[in-house]
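This is what each chain is made of:
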Amino acid sequence: MARPKNRPKRTPIASRNILTTEQRDGYVRRWVNDTPGRIKMFEEAGYEAVREPTKVGDNRAGEASNVGSSVMNKDVGAGQNAILMEIPIEYYQEDQAAKEQGLKKHEASLIPDELMSDTYGDGLSISSQNVRSKPGPRVIIE
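Criteria and cut-off values
Residues numbered from 1 in each chain as written. Predicted model: local features only at pLDDT ≥ 70, side-chain atom pairs only at ≥ 80, totals over all residues. Heavy atoms only, no water. Salt bridge = Lys/Arg side-chain N within 4 Å of Asp/Glu carboxyl O. Helix = DSSP H or I, 4+ residues; strand = E, 2+ residues; numbered from the N terminus. Buried < 20%, exposed > 50% of the residue type's maximum accessible area, 1.4 Å probe, protein only. Core = buried A, V, L, I, M, F, W, Y, C linked by side-chain atoms within 4.5 Å. Phe/Tyr/Trp six-rings, centres within 6.5 Å; stacked < 30°, edge-to-face > 60°. Lys NZ or Arg CZ within 6 Å of the ring centre and 35° of its normal.

*Asks:* Describe the pattern of salt bridges, with residues and values.
*Replies:* Counted according to the given criterion, the structure contains four salt bridges. With its nearest N and O atoms 2.4 Å apart, the salt bridge here joins glutamate 86 to arginine 24. Residue glutamate 86 is found in strand 4 (residues 80–88), and its partner arginine 24 is found in the segment before strand 1 (27–33); the two are separated by 62 residues along the sequence. Notably, a salt bridge pairs arginine 29 with glutamate 52, separated by 2.6 Å at the nearest N-O pair. With arginine 29 in strand 1 and glutamate 52 in the loop between strand 2 (48–49) and strand 3 (73–77), this residue pair connects regions lying 23 residues apart in the sequence. A residue is classified by how much of its surface remains accessible, and glutamate 52, at 34% relative accessible area, is partly exposed. The structure contains a network of salt bridges with shared partners spanning Arg24, Arg29, Glu52 and Glu86.

*Asks:* Could you give me a rundown of the nonpolar core, with the residues and numbers involved?
*Replies:* In this structure, Val28, Val32, Ile39, Phe42, Tyr47, Ala49, Val71, Ile83, Met85 and Ile87 together form the largest nonpolar core, which totals 10 residues. If you tally residues by element for this core, the top one is strand 4, at three residues. One finds Trp31, Val56, Met72 and Ala82 within the second-largest nonpolar core, a separate group that totals six residues.

*Asks:* Would you mind going over the packing of aromatic side chains in detail, with residue names and values included?
*Replies:* Inspection of the entire model under this criterion finds one aromatic pair. Judged by centre distance (5.0 Å) and plane angle (70°), the rings of phenylalanine 42 and tyrosine 47 are edge-to-face. In this pair, the class of phenylalanine 42 matches that of tyrosine 47, namely buried. Arginine 24 extends its terminal NZ or CZ atom over the ring of tyrosine 27, reaching a point 3.9 Å from the ring centre.

Treat this as a map of the structure, not an account of what it does.
Rendered as structure tokens:
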């Protein structure tokens with residue numbers, strides 16, 4: 001089939017990304033579903049709605065809209081709307097460090113105390129099948 005010369009290049013549906021956004025220096029952006037209480041929760045954590053016009057997604061995959069509103073918002077499907085929010089990178093990094101500490105505490109609770117010596121980290125390997133201390137006994141986690 002002959003393709004017209006002025007026709008734009010076809011982009012397969014699976015390769016379109018409708019939620020990517022331009023990043024702002026010093027900030028981390030994310031889409032937050034606009035459900036009762038969720039936007040308020042993010043605001044209390046230090047996030048602010050993005051208010052300036054921002055390129056959102058792939059040009060062929062639809063456009064974000066701020067019609068009737070001063071914030072960037074987008075229909076994300078199934079009747080759900082999301083708002084683009086951002087937080088200073090320092091706050092984001094603090095939040096990620098706190099999350100990591102919680103995960104480490106949880107992971108440590110999964111390993112028997114006798115295996116939690118000073119070898120935790122480089123000296124301990126964890127897989128979905130077992131926990132192995134080098135050297136030491138093998139513990140199967142079921």
